[in-house]
Amino acid sequence: QVQLVESGGGLVQPGGSLRLSCAASRSFLLFNHMGWYRQAPGKQRESVATIAPSSNTNYADSVKGRFTISKDNAENTVYLQMNSLKPEDTAVYYCNFFPPVEQYWGQGAQVTVSS
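In every chain, residue numbers begin from 1 and rise along the written sequence. In keeping with the predicted nature of the model, local features appear solely for residues at pLDDT of at least 70, side-chain atom pairs appear and are counted solely at 80 or more, and the whole-chain, interface and lining totals rest on all residues. Side-chain descriptors were evaluated using all non-hydrogen atoms of the structure, hydrogens and water having been removed beforehand.

### Some thoughts on unusual backbone geometry
Then, in step 1: Along the chain, Phe98 connects to Pro99 via a cis peptide bond; the corresponding omega equals -10°.
Then, in step 2: Topologically, Pro99 is positioned in the loop between strand S9 (91–97) and strand S10 (109–113). Numbering of helices and strands runs from the N terminus, with a helix taken as a DSSP run of H or I at least four residues long and a strand as a DSSP run of E at least two residues long.

### Thoughts on the nonpolar core
Then, in step 1: With 30 residues, the main nonpolar core has Trp36, Leu80 and Tyr93 as its most contacted residues.
Then, in step 2: Elements supplying a minimum of two residues to this core: strand S3 (18–23), strand S4 (34–39), strand S5 (46–51), strand S7 (67–72), strand S8 (77–82), S9 and S10.
Then, in step 3: Broken down by element, the residue count for this core peaks at four residues, all from S9.
Then, in step 4: When checking whether two residues touch, look at their non-hydrogen atoms; a contact exists if any pair is within 4.5 Å. Excluding its chain neighbours within four sequence positions, the residues that come into contact with Tyr93 are Glu6, Leu20, Trp36, Tyr37, Arg38, Val48, Phe67, Leu80, Met82, Gly108, Ala109 and Val111. Buried Ala, Val, Leu, Ile, Met, Phe, Trp, Tyr and Cys residues that are joined via side-chain atoms within 4.5 Å together make up what is termed a nonpolar core. Relative accessibility decides the category of a residue: with a 1.4 Å probe and only protein chains considered, values under 20% of the type maximum give buried, values over 50% give exposed, and everything between is partly exposed.

### Comments concerning the pairing of S10
Then, in step 1: Of the two faces of S10, the one holding Ala109, Val111 and Val113 is buried and the one holding Gln110 and Thr112 is not buried anywhere.
Then, in step 2: Here strand S2 (residues 10–12) pairs with S10 via three bridges, running parallel. Counted as the bridge partner of Leu11 is Thr112 from S10.
Then, in step 3: Note on pairing: DSSP must find at least two bridges between two strands before they are called paired. Of the strand pairs in this sheet, S9 and S10 are connected by three bridges, and their pairing is antiparallel. Counted as the bridge partner of Ala91 is Val111 from S10.

Next comes the structure, spelled out in structure tokens:
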């Protein structure tokens, strides 16, 4: 099983920024299409951003222009830079394959945007 570990969540004021990290096993990102997902309480989990092995990226309309997904193959880490955060961004954020594979959902990282 490939281990994916999210970190970097926290409490931030509206308009603030956070950077999430997703640590993967060695060389994992060379061969796998990855995604960031989020789920607010009582809502369905949704895709936020994806990044291919080529580093081609896609974003949900709700985060375009504010969030940036990137990766560092040498560090085996996927990042989600989150700028201009809004209260509606509050959710637990997860990384997984794209499309996601059920067995790899982890605990996620809590992001709370509130004044």
